[in-house]
Amino acid sequence: MIDRSIGRISAGLLIALAAPTSAQVPDMSGFWSPSLEPGPRDQVLLDQLPPDTVLVEDTGVEEFPRGEFGGLKLTPPALRHAEQWQPENDMTVQRVCLVPSIVYSIQGPFPFEIVQTADVTIFKYEYFDQIRLVYTDGRAHPPANAPHTKMGFSTGRWEGDELVVETSHIAASTITNNGLDHSEDVRMVERYRLQDDGRTLAATQWFSDPAVLENNGARYIEWGKRPGEFINPYECDPSFALEYAQIGRNDE
C-alpha cells in the first residue's frame, strides 16, 4: 500500500520552498517622503525600461508649461484636446477637488506609507487620501469590462529584489497637468527597488496608451524613509477655487 502522506508532505515542502518568504524579499514597509534632490539614479531600473520610451522629467514639484509634454508624442486627437486646455478649466469649484489617477498622482510631492504582507501590499497616499491595494497572491486581472477607478487594479510580483507592479482598469485622467489626459485603456508598470542604504526607495513608472501616445512614457522617482512620521489628511477644500478666481480678477 502506497503511503500517500509522504507525497503530500513532499508536495507541501516544494510549495513552501518555492513561495517567497519575508526573509527573501526586501521589507519596504514604512513612511516614505519624496526626495526632491535625489542622488545618482538606479541604472538597474532604468536599463529595464522598454524600447521607444521617453523619460518624463516632471516628478516632485515640477509642472510642464502649456504645450510641453517632456518628449511624449501625442496622437492627433490627444494633441487637439491638450491645445484646448486652459488652466482655469480645472480651477472651478466643481473640478478643483477631482481626484487624479495614479498615473499622475504617484509623481507628486506628497508622501505615502507602505504596509507590506505576503498577499497584499498597501500604499496609503497623502495626496487626496487615496488607498491602493497591490495584490501579490498570484491573482489575475479582472476582465476588460470590469469597473475602472482612479487607482486601477494592481497586481505585484517579486523579481529578485524588485517589486514589479502592473496596473490596469485606470479611469481616464491626467498624465501631465497641462491638458494631456490618458484614456481608460492606459497600462502602467512600476518597478520598486530598495537601495543599499535601506533608507531610499527608487522606482520607475512606465506607461503606455496607444489612443493618446505614439511612444511610451516613464518617470524615475525616489523617496526617503522617515521613521516616526505619519500621513496627514489631505482634505481638499473646493473653496480654494473661489480664491483663485478672485486673484485672477484682481490681476485684470
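Cut-offs applied
- Residues numbered from 1 in each chain as written.
- Predicted model: local features only at pLDDT ≥ 70, side-chain atom pairs only at ≥ 80, totals over all residues.
- Heavy atoms only, no water.
- Helix = DSSP H or I, 4+ residues; strand = E, 2+ residues; numbered from the N terminus.
- Buried < 20%, exposed > 50% of the residue type's maximum accessible area, 1.4 Å probe, protein only.
- Contact = heavy atoms within 4.5 Å.
- Areas by Shrake-Rupley, 256 points an atom, 1.4 Å probe, with all protein chains shown as cover.
- Polar contact = N/O pair within 3.5 Å; in protein donor to acceptor, adjacent residues only side chain to side chain.
- Disulfide = S-S within 2.5 Å.
- Phe/Tyr/Trp six-rings, centres within 6.5 Å; stacked < 30°, edge-to-face > 60°.
- Lys NZ or Arg CZ within 6 Å of the ring centre and 35° of its normal.
- pLDDT = per-residue confidence, 0-100.
- Pairing = 2+ DSSP bridges.

**Considering the overall build of the protein chain**
From N to C terminus, the protein chain includes 6 helices and 12 strands. Counting all 252 residues of the protein chain, 42% fall into the buried class. Contacts spanning at least 24 positions in sequence make up 60% of the contacts within the protein chain whose residues lie at least 6 apart. Working note: accessible area of the protein chain is about 13900 Å², and carbon and sulfur atoms make up 55% of it.

**Some thoughts on the side chain of Arg132**
Looking at the element boundaries, Arg132 is found in strand β5 (residues 131–135). Overall, Arg132 belongs to the buried group, its relative accessible area being 1%. A polar contact of 3.2 Å, which involves the side chain of Arg132, links it to the side chain of Tyr125. Polar contacts involving the side chain of Arg132 include one to the side chain of Glu190, which spans 2.5 Å.

**Brief notes about the state of the cysteines**
Note on terminology: disulfide describes a covalent bond linking the sulfur atoms of two cysteines. Here the structure, examined in full by the defined rule, presents 1 disulfide. Across a sulfur-sulfur distance of 2.1 Å, Cys97 and Cys236 are joined as a disulfide pair. Note on the Cys97 and Cys236 pair: the S-S dihedral is about -85 degrees, so by sign convention the disulfide is left-handed. Remark: Cys236 occurs in the loop between β12 (216–225) and α6 (240–251) and Cys97 occurs in the loop between α4 (87–90) and α5 (102–105); sequence separation between them is 139 residues.

**Overview of the packing of aromatic side chains**
Overall, the coordinates contain 12 aromatic pairs when judged by the stated rule. Relative to Tyr192, the ring of Phe123 has its centre 5.5 Å away and its plane inclined at 45 degrees; by these criteria the two rings are tilted. Taken together, the residues Phe123 in strand β4 (residues 120–125) and Tyr192 in strand β10 (residues 187–194) connect sequence positions 69 residues apart. Measuring from ring centre to ring centre gives 5.5 Å for Tyr127 and Tyr234, while their planes differ by 85 degrees; the resulting arrangement is edge-to-face. Here Tyr127 is found in the loop between β4 and β5, whereas its partner Tyr234 is found in the loop between β12 and α6, with 107 residues between them in sequence. Among the aromatic residues, those joined into a ring-pair cluster are Phe112, Phe123, Tyr125, Tyr192 and Trp223. The positively charged end of Arg132 is found above the aromatic ring belonging to Phe123, 5.8 Å away from the centroid.

**What to know about the confidence of the model for the protein chain**
Overall, the prediction assigns the protein chain a mean pLDDT of 88, with 87% of residues at 70 or greater. This model gives residues 1–22 a pLDDT under 50, and the stretch forms 2 contacts once residues within four places in sequence are excluded. Confidence over residues 247–251 falls short of pLDDT 50; this stretch has 0 contacts with residues more than four positions distant or in other chains.

**Section: the pairing of β4**
Each regular strand shows side chains that alternate between the opposite faces of the sheet. Bridge count between strand β3 (residues 112–116) and β4: 5 bridges; the pairing is antiparallel. In the sheet register, Val115 faces β4, and the bridge partner there is Ile122. Hairpin remark: β3 followed by β4, antiparallel, with 3 residues in the connecting loop. When β4 meets β5, the two strands line up antiparallel, connected through 5 bridges.

**Things to note about the pairing of strand β11 (residues 200–208)**
Where burial is concerned, most of β11 is hidden: 9 out of the 9 residues are buried. Of the two faces of β11, the one lined by Thr200, Ala202, Thr204, Trp206 and Ser208 and the one lined by Leu201, Ala203, Gln205 and Phe207 are each fully buried. Hairpin remark: β10 followed by β11, antiparallel, with 5 residues in the connecting loop; positive phi at Gly198, about 75 degrees. Relative to β12, β11 runs antiparallel, the two being bridged by 8 bridges. For Ala202, the partnering residue across the bridge sits in β12 and is Glu222.

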